[in-house]
Amino acid sequence: MGAFLASACCVGPLVLLTLGISGAWIGNLTALEPFKPIFAVIALGFIGAGFRQVYFRKPTVCEPGSYCARPSSARITKSALWTSLILVLAALTIDWWAPLLY
(Lines give C-alpha, C1' and ligand atoms only; values in the text may rest on other atoms or scores of the structure.)
Protein backbone atom coordinates (compact mmCIF):
# COMPACT_ATOMS: atom_id res chain seq x y z
CA MET A 1 0.00 0.00 0.00
CA GLY A 2 2.84 2.37 0.87
CA ALA A 3 4.59 1.68 -2.43
CA PHE A 4 1.39 2.43 -4.31
CA LEU A 5 0.88 5.72 -2.48
CA ALA A 6 4.49 6.79 -2.96
CA SER A 7 4.35 6.22 -6.70
CA ALA A 8 0.80 7.51 -7.29
CA CYS A 9 1.98 10.92 -8.48
CA CYS A 10 4.30 9.37 -11.08
CA VAL A 11 2.50 6.22 -12.16
CA GLY A 12 -0.92 7.82 -12.65
CA PRO A 13 0.06 9.90 -15.70
CA LEU A 14 2.02 6.96 -17.11
CA VAL A 15 -1.05 4.71 -16.90
CA LEU A 16 -3.20 7.36 -18.58
CA LEU A 17 -0.63 7.73 -21.34
CA THR A 18 -0.52 3.95 -21.80
CA LEU A 19 -4.31 3.91 -22.15
CA GLY A 20 -4.06 6.44 -24.95
CA ILE A 21 -5.09 9.50 -22.97
CA SER A 22 -2.58 12.13 -23.87
CA GLY A 23 -2.26 15.81 -24.46
CA ALA A 24 -0.67 18.83 -22.89
CA TRP A 25 -2.97 18.64 -19.88
CA ILE A 26 -1.31 15.41 -18.64
CA GLY A 27 1.60 17.58 -17.48
CA ASN A 28 -0.82 19.32 -15.13
CA LEU A 29 -1.74 16.16 -13.20
CA THR A 30 0.07 17.15 -10.05
CA ALA A 31 -2.74 16.94 -7.48
CA LEU A 32 -0.86 14.39 -5.33
CA GLU A 33 2.58 16.03 -5.67
CA PRO A 34 2.34 17.99 -2.37
CA PHE A 35 1.75 14.71 -0.53
CA LYS A 36 4.78 12.93 -2.02
CA PRO A 37 6.99 13.36 1.10
CA ILE A 38 4.24 12.02 3.35
CA PHE A 39 3.65 9.00 1.10
CA ALA A 40 7.41 8.43 0.88
CA VAL A 41 7.80 8.36 4.67
CA ILE A 42 4.86 5.96 5.00
CA ALA A 43 6.18 3.66 2.26
CA LEU A 44 9.74 3.61 3.62
CA GLY A 45 8.37 3.05 7.14
CA PHE A 46 6.40 0.00 6.02
CA ILE A 47 9.36 -1.35 4.08
CA GLY A 48 11.62 -0.77 7.09
CA ALA A 49 9.14 -2.66 9.27
CA GLY A 50 9.16 -5.47 6.71
CA PHE A 51 12.95 -5.67 6.77
CA ARG A 52 12.88 -5.71 10.57
CA GLN A 53 10.29 -8.50 10.54
CA VAL A 54 12.18 -10.62 7.99
CA TYR A 55 15.81 -10.14 8.99
CA PHE A 56 15.92 -9.17 12.68
CA ARG A 57 13.06 -11.06 14.31
CA LYS A 58 13.63 -14.33 16.12
CA PRO A 59 12.74 -17.22 13.82
CA THR A 60 9.40 -18.79 14.58
CA VAL A 61 8.94 -22.53 14.89
CA CYS A 62 6.84 -23.88 12.04
CA GLU A 63 5.01 -27.15 12.00
CA PRO A 64 6.44 -29.65 9.50
CA GLY A 65 4.58 -29.50 6.21
CA SER A 66 3.20 -25.99 6.77
CA TYR A 67 3.82 -23.13 4.34
CA CYS A 68 6.28 -21.31 6.59
CA ALA A 69 8.39 -24.48 6.91
CA ARG A 70 9.16 -24.41 3.17
CA PRO A 71 12.34 -22.55 2.16
CA SER A 72 10.52 -21.04 -0.82
CA SER A 73 8.24 -19.01 1.47
CA ALA A 74 11.19 -17.06 2.90
CA ARG A 75 12.65 -16.59 -0.57
CA ILE A 76 9.34 -15.23 -1.91
CA THR A 77 8.98 -12.87 1.05
CA LYS A 78 12.51 -11.52 0.71
CA SER A 79 12.13 -11.13 -3.07
CA ALA A 80 8.90 -9.18 -2.65
CA LEU A 81 10.47 -6.98 0.02
CA TRP A 82 13.54 -6.13 -2.09
CA THR A 83 11.38 -5.58 -5.19
CA SER A 84 9.13 -3.16 -3.30
CA LEU A 85 12.17 -1.28 -2.01
CA ILE A 86 13.56 -0.94 -5.55
CA LEU A 87 10.19 0.27 -6.88
CA VAL A 88 9.76 2.84 -4.12
CA LEU A 89 13.31 4.13 -4.54
CA ALA A 90 12.80 4.35 -8.30
CA ALA A 91 9.59 6.33 -7.78
CA LEU A 92 11.25 8.67 -5.28
CA THR A 93 14.26 9.38 -7.49
CA ILE A 94 12.44 9.62 -10.83
CA ASP A 95 13.15 13.35 -11.06
CA TRP A 96 16.88 12.60 -11.16
CA TRP A 97 17.06 9.73 -13.65
CA ALA A 98 14.01 10.26 -15.91
CA PRO A 99 15.64 13.12 -17.90
CA LEU A 100 18.39 10.68 -18.91
CA LEU A 101 15.84 8.60 -20.82
CA TYR A 102 14.78 11.34 -23.20
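Labelled according to an unreviewed UniProt entry, the protein appears under the name Mercuric transport protein MerT, originating from Celeribacter persicus. Check the Function (unreviewed entry) section of the UniProt entry for the protein; it says "Involved in mercury resistance. Probably transfers a mercuric ion from the periplasmic Hg(2+)-binding protein MerP to the cytoplasmic mercuric reductase MerA."

A few words on the packing of aromatic side chains. Using the criterion set out here, one finds 3 aromatic pairs in the structure. With 5.8 Å between their ring centres and 15° between their planes, Phe51 and Tyr55 make a pair best called stacked. Here Phe51 pairs with Tyr55, and both are found in helix 2 (residues 36–55), just 4 residues apart, close to one helical turn. A residue is classified by how much of its surface remains accessible, and Phe51, at 15% relative accessible area, is buried. Taken together, Phe51, Tyr55 and Trp82 form an aromatic cluster joined through their ring pairs.

Once that is clear, we can look at the environment of Gly12. Looking at where Gly12 falls in the secondary structure, it is placed in helix 1 (residues 2–18). Taking the C-alpha atoms as reference points, Gly12 and Leu32, 20 residues apart in sequence, are found 9.8 Å from one another.

Let us look at the UniProt feature "transmembrane region" (unreviewed entry) in the protein. UniProt's entry tags residues 34–51 and 80–98 with the feature "transmembrane region" (unreviewed entry), counted in the numbering of this structure. Here residues 34–51 is 89% helix and 0% strand, with 27 Å between the C-alpha atoms at its ends. Across residues 80–98, the secondary structure splits into 89% helix and 0% strand, with the terminal C-alpha atoms separated by 24 Å.

Moving on to helix 2. In this model helix 2 runs 28 Å from its N-terminal to its C-terminal C-alpha over 20 residues, within 8% of the 28 Å that 1.5 Å per residue would give. Among the residues of helix 2, Lys36, Phe39, Ala40, Ala43, Ile47, Gly50 and Phe51 are the ones counted as buried. Take helix 2 and look down its axis: the buried residues cluster within an arc of 105°, on one side only. In helix 2, the exposed positions angled more than 90 degrees off the buried face are occupied by Pro37, Val41 and Arg52.

This part covers the nonpolar core. The biggest cluster of nonpolar side chains holds 6 residues, and these are Ala43, Ile47, Phe51, Leu81, Leu85 and Val88. Discounting chain neighbours no more than four positions away, the residues touching Leu81 are Ile47, Gly50, Phe51, Val54 and Tyr55.

This paragraph deals with a nonpolar patch on the surface. The grouping of Leu32, Phe35, Ile38, Ile42 and Phe46 at the surface amounts to a nonpolar patch, some 470 Å² of accessible area in total. The topology assignment puts Ile42 in helix 2. Taking the relative accessible area as the measure of exposure, Ile42 reaches 34% and is therefore partly exposed.

A residue-level look at the protein finds 76% of positions with pLDDT of 70 or above and a mean pLDDT of 80. Here helix 1 is the element of the protein with the lowest mean pLDDT, 70, and helix 2 is the one with the highest, 92.

Analysis parameters
- Residues numbered from 1 in each chain as written.
- Predicted model: local features only at pLDDT ≥ 70, side-chain atom pairs only at ≥ 80, totals over all residues.
- Heavy atoms only, no water.
- UniProt positions renumbered as here; feature names shortened; annotations may be inferred.
- Phe/Tyr/Trp six-rings, centres within 6.5 Å; stacked < 30°, edge-to-face > 60°.
- Helix = DSSP H or I, 4+ residues; strand = E, 2+ residues; numbered from the N terminus.
- Buried < 20%, exposed > 50% of the residue type's maximum accessible area, 1.4 Å probe, protein only.
- Expected span 1.5 Å × (residues − 1).
- Arc of directions from axis to C-beta.
- Core = buried A, V, L, I, M, F, W, Y, C linked by side-chain atoms within 4.5 Å.
- Contact = heavy atoms within 4.5 Å.
- Patch = residues over 30% accessible without salt bridge, like charges linked within 9 Å, V, L, I, M, F, W, Y side chains within 5 Å.
- Areas by Shrake-Rupley, 256 points an atom, 1.4 Å probe, with all protein chains shown as cover.
- Salt bridge = Lys/Arg side-chain N within 4 Å of Asp/Glu carboxyl O.
- pLDDT = per-residue confidence, 0-100.

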